[in-house]
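Tertiary structure, described
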Amino acid sequence: MQILTFDTYEQLSTHAATELVDLVAQKPNAVLCLATGDTPRLTYNKVVEMAQTRQVDFSQCAVVALDEWAGIPPDNNGSCHAFLHEYLFNPLKINASQICLFDALTTDPAAECARVNTWVTDHDGIDLMVVGIGVNGHIGFNEPGIAWGNDAHLADLAPITRTVGQKYFATEVPIEKGFTVGLRQVAAARRLLLLANGPKKAEIIRLTAEGEIGAEVPSTILRQHPNSALLIDSAAASLLNA
Ligand code: PGA
């Protein structure tokens, strides 16, 4: 795991965006797995800007969403569906046929997860995965204690995830479960970037980089990944020893 520390969130975002745009410039049909949330927002804005200035065409990319809130309709602005359309799919003109999103309203979660797993396999796995981190070390909705061998599944959200998650919604919503790509798929991504900024993430970044590797802190999976990078700003890096 590389640790890349930046003075500012802006610099971190520029670095992540550059890596994403470089990949697509080199491999126009790259397969991406992308997180939503506050952390990658600026990265995605910069991807859109850079794609325009550098004339990089994203229309051939394939994208699978990292996760989704179960039961939240796609037109709710707090859904991962709405976020990815607003920040990436619409501005980058990524065709609907190349996008794989969890159907949050499905009546058959097992079939929905199987569909996503098949999509990932049929696309020969993920070239680049961009994830954030929860204050409890979750990646997507892979909460502490989850088996590392899991593919996509419907997860019970940790109490902290339910509480913190309300920040994405204009009015309070019931969020108890979430669909997520599994840690086996995270581990199998050919390149894995974890982005974190701000003092609230400092302690979990310390545990991710320097604590015991194991299921209690899912993000420690990055340390077993041959091509992963932790992209952090100085506030998130403030508790690191090294
Ligand atoms: P955030 O969410 O980017 O909004 O901090 C990260 C996460 O919970 O994975």
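Look a little higher up for the structure.
Below or above, wherever it landed, is the structure these notes cover. Bear in mind the structure is a predicted one, so any value in this text is a computation, not a measurement.

**Some remarks on the site of the ligand**
Around the ligand lies a shell formed by Gly-37, Asp-38, Thr-39, Gly-132, Ile-133, Gly-134, His-138, Lys-167, Tyr-168 and Lys-201. One of the backbone nitrogen or oxygen atoms of Asp-38 is found 2.9 Å away from an oxygen atom of the ligand. Contact between the ligand and Thr-39: an oxygen atom at 2.5 Å from a side-chain N or O atom of the residue. Considered class by class, the residues forming the shell around the ligand number two nonpolar, five polar and three charged.

**Focus on the nonpolar core**
Judged by nonpolar contacts, the single largest core of 40 residues is most densely connected at Val-64, Ile-126, Met-129, Ile-139, Leu-194, Ile-205 and Ile-232. When residues of this core are traced back to their parent elements, those giving at least two are β2 (31-34), β3 (62-65), α4 (109-122), β6 (128-131), α6 (183-188), β9 (192-196), α7 (202-210) and β10 (228-233). Broken down by element, the residue count for this core peaks at four residues, all from α4. Apart from residues lying up to four places away in sequence, Ile-232 is in contact with Ile-3, Leu-4, Thr-5, Phe-6, Leu-12, Ala-196, Ile-205, Ala-237 and Leu-240. In terms of nonpolar packing, the next biggest core, distinct from the first, is built from 36 residues, Ala-30, Val-56, Val-63 and Leu-84 among them.

**Quick look at unusual backbone geometry**
Here the phi dihedral of Gln-55 falls at roughly 55°; this positive angle occurs in a residue that is not glycine. As for its placement among the helices and strands, Gln-55 is situated in the loop between α2 (41-53) and β3. Among the residues examined, Gln-55 registers a relative accessible area of 69% and is labelled exposed. The backbone phi angle of Lys-93 is positive, close to 55°, even though this residue is not glycine. Mapped onto the elements of the fold, Lys-93 is located in the loop between α3 (80-92) and β5 (99-100). Take Lys-93: its relative accessible area is 65%, and that puts it in the exposed class.

**Let's talk about the environment of Asp-108**
Tracing the backbone shows Asp-108 in the loop between β5 and α4. Given a relative accessible area of 38%, Asp-108 falls into the partly exposed group. Remark: the alpha-carbon pair of Asp-108 and Ala-155, spanning 47 residues in sequence, is separated by 14 Å.

**Side note on the packing of α2 against α3**
Two elements in contact, α2 and α3, have axes whose closest approach is 10 Å; the angle formed by their N-to-C orientations is 10°. Our classification of the angle between α2 and α3 gives roughly parallel. Within the contact between the two elements, α2 uses Arg-41, Tyr-44, Asn-45, Val-47, Val-48 and Ala-51 and α3 uses Phe-83, Leu-84, Tyr-87, Leu-88, Pro-91 and Leu-92. Tallied by class, residues from the contact of α2 with α3 come to ten nonpolar, one polar and one charged.

Reading the values: the criteria
- Residues numbered from 1 in each chain as written.
- Predicted model: local features only at pLDDT ≥ 70, side-chain atom pairs only at ≥ 80, totals over all residues.
- Heavy atoms only, no water.
- Near = heavy atom within 4 Å.
- Polar contact = N/O pair within 3.5 Å; in protein donor to acceptor, adjacent residues only side chain to side chain.
- Nonpolar A, V, L, I, M, F, W, Y, C, P; charged D, E, K, R; others polar.
- Core = buried A, V, L, I, M, F, W, Y, C linked by side-chain atoms within 4.5 Å.
- Buried < 20%, exposed > 50% of the residue type's maximum accessible area, 1.4 Å probe, protein only.
- Helix = DSSP H or I, 4+ residues; strand = E, 2+ residues; numbered from the N terminus.
- Contact = heavy atoms within 4.5 Å.
- Axes fitted to C-alpha atoms, helices over the stretch in contact; angles between N-to-C directions.
- Parallel < 35°, antiparallel > 145°, perpendicular 65-115°, else oblique.

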